[in-house]
Amino acid sequence: MIAAASSLKGRRKLSFPLRLAFRHIFANKTRNGLTILAITIAVFLLCFLLAVVRGIDAGVRSASSTRLVTQSAVSLFVSLPMSYRPKIDAQDGVAIASEFQWFGGYYQDPSNFFPQFAVNKDRFVDMYVNDFEIIEGPNGITGPGAREAVKKAFATEKRAAIIGIGLRDEEKYDFKIGDTVPIIPAIYQRADGGAWEFVVVGVFRPLKARIPDRIMYFRSDYLNDSIEVGEAFGEVSAGVYYVNIDNSNQSEVIATEIDQEFLNGPQRTQTVTEAAFASFFVSAIGNLPLFLGTVGGAVLFSIFFSVVNAMLIAGRQRLNEAGILQSLGFPPITSTFLLIFEGLAVALIGGAFGLALAIGTQDLVVLNFGDSIRNYEIDPGLMGLAIGTSAVLGITAGLCAGIPFLRYRPTEALRSIG
Amino acid sequence: MSRDTYIQLESVTKKYTRGGEDLVVLDQLDLTIPEGDYAALMGPSGSGKTTILNLVGGLDVPNSGRVTVAETEVSGIAQRQLPAWRARHVGFVFQSFNLLPVLTAHENVMLPLQLTPLSAAERKKQADFALEIVGLSDRAGHRPSQLSGGQEQRVAIARAIATDPDVIIADEPTGDLDRNSADEILELLDRLNDELGKTILMVTHDPAAAANARRILKLDKGNLVSDEANDRSRKQSQGEA
């Protein structure tokens, strides 16, 4: 009747059991669809939160090892006197120092906020030689000569401003060399009630993750002189000092010496490395990385139980099928394998959707929250983590549901209601 | 082992534990079925009919005694190797059909063939042939939910014979069917036994189904109480009349 098994092909095919697993996925559209949706959201949140945390970490990690920050020992929000800079410069091991004063204005509308800092006109460009690349200067100059041209223009034009490339390229700003940019003050109100005007003399591209590409630096003497002559209101001060040092090994000694210098001054100081300052600044709003990591972990953990529950339901419904397969001669582990594969497939589909959502919204996040969420990027490492996490989630859920099959005899499994 | 002892149960005892108490389902049972026989097992519920099928089919193991099929001591096969033995030697037909609802009729029949070393083309050919035997070639692409009960059971029979097993074990194969469908299934089992020489062991409560078998074995409380040859020609002539 039926030909005996002859032409040996050797190995058993996996395609049929896999097809069976896929049929089950599509046979339970609602349950598996909801599970996939849950995993999609979880993986998206995981990618989003980890990208934020990584961005924060990247900012801290990119801090220069040869730079210190001197701030008030009382608070970051207490400014230091302008008279401190020559004394800092005079310390052994200090290469160059510049005041950094937070300005806090906005362009046209508060939603168009980007950071602005008042910096020393003669020192700033040289201080940041390794931190950003000047890509455009006055009269359209580009290339190696741009830095010197910008340095010269910054020292010459009192209202000069150097901007990050984002302020040039983004449509809503579109600042070009030579443009006069009005910035509406939030702290330093002008006597005439109007906006401050700055003239763009240079555009830079950040080389370090901690420097955003939507930022503006302008001359501190423009700010302070305006206050002194009564054109603006506020306090003539330096904010904090950024201090380049010659040798990173000397950072602790130099920091101590600077703080000793001002121990009896009008403001005591606290000098730390730029990395410590960046960490402190982040921790000023709480331990954000830990918080975000905890939220992401909690979401993933709860979704894990949800997926396990869905797979356990699938497993219970599949017990009769396990009995059928065993009666046909499939080993018990076949049903376990099918559930693992089903869990893996569902989790990977959800994970892929979640990852695609994270990648698809990346530009949107950067565009809308780029100032708050710095260095946001779904990089290949994060993609691998998302897919790997999804795979582990699916395999574990499949194992939880499939392992019990191994202890059922075919007769017990066949008696269950499928 | 001769043709007269193709399936043999020797002093087989099977107990189950229910509520902490041992329940003896088969008690030192001896049973011999020759090759090519068609035996119907009858008896009240709990008499041990299905347990015999499970033991012969290697789905369960006895507490004591030997179960031998085609010179292989099934009760001595390691648990791990039993599935492979079942795949080669036994085809099951269940009361509730037990087809996989997510697969088509053809795919259901293909399922046991996955365990054979046949090529994909050969597997397909055998599945096609098995469906042809049960008269359902035109329903190959239908899922179980698109078939009648009788058609589902015919697909189950096609699946049982697809790998050309020595023994077909049928547990109440007509239990869930109306009379007409049941008759079709019984006729099919007759053909498998008469034309293809399959050894069939069938559990049934239905005297009309048992009338198709060559032998009728009656069980009660785990003991064989009757073993009678059945005059199938009388049944056939009744059918023709």
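Residues numbered from 1 in each chain as written. Chains lettered and ligands numbered in written order. Predicted model: local features only at pLDDT ≥ 70, side-chain atom pairs only at ≥ 80, totals over all residues. Heavy atoms only, no water.

A. Quick peek at the domain arrangement of chain A. All names here are of chain A. In terms of domains, chain A is made up of domain 1 (15-59 + 287-415) and domain 2 (79-266). Computed over C-alpha atoms, the centres of domain 1 and domain 2 are 48 Å apart. Opposite the 8 residues of domain 1 that make contact, domain 2 presents 9 residues. Our count for the contact surface shared by domain 1 and domain 2 stands at 0 salt bridges. When residues of the side of domain 1 that touches domain 2 are traced back to their parent elements, those giving at least two are helix 2 (29-61) and helix 13 (362-369). Within the side of domain 1 that touches domain 2, the residues separate by chemical class into 3 nonpolar, 3 polar and 2 charged. (Domains from an automatic or database assignment. Contact = heavy atoms within 4.5 Å. Salt bridge = Lys/Arg side-chain N within 4 Å of Asp/Glu carboxyl O. Helix = DSSP H or I, 4+ residues; strand = E, 2+ residues; numbered from the N terminus. Nonpolar A, V, L, I, M, F, W, Y, C, P; charged D, E, K, R; others polar.)

B. Quick peek at the sheet that holds strand 1 (residues 7-18) of chain B. Taken in spatial order, the 4 strands of this open sheet run 2-1-4-5 (chain B), and their pairing is antiparallel. Each having just a single partner strand, strand 2 (21-33) and strand 5 (72-73) of chain B make up the two edges of the open sheet. (Pairing = 2+ DSSP bridges.)

C. Layout of helix 10 (residues 288-317) of chain A. Here helix 10 of chain A spans 43 Å end to end across 30 residues, near enough to the 44 Å set by a 1.5 Å rise per residue. Within the span of helix 10 of chain A, buried status applies to Pro289, Leu292, Gly296, Leu300, Ile303, Phe304, Val307, Val308, Ala310, Met311, Ala314 and Gly315 of chain A. (Expected span 1.5 Å × (residues − 1). Buried < 20%, exposed > 50% of the residue type's maximum accessible area, 1.4 Å probe, protein only.)

D. Inspection of the interface of chain B and chain A at higher detail. Tallying the contact residues gives 37 residues for chain B and 32 residues for chain A. Buried area between chain B and chain A, both sides added, is near 3,200 Å², and the carbon and sulfur share of it is 65%. For the chain B face of the interface with chain A, the top three residues by lost area are Val102, Leu115 and Pro117 of chain B, together amounting to 18%. Linking chain B with chain A are 3 salt bridges, by the criterion used here. For Glu107 of chain B, the salt bridge goes to Arg23 of chain A, with nearest N and O atoms at 2.6 Å. On inspection of chain B and its partner chain A, the count reaches 4 residue pairs in polar contact (both at pLDDT 80 or more). Top element by residues in the side of chain B that touches chain A is helix 4 (residues 120-133) of chain B. It accounts for 5 residues. Grouping the constituent residues of the side of chain B that touches chain A by class yields 22 nonpolar, 7 polar and 8 charged. (Buried area = accessible area lost by both parts, 1.4 Å probe. Polar contact = N/O pair within 3.5 Å; in protein donor to acceptor, adjacent residues only side chain to side chain.)

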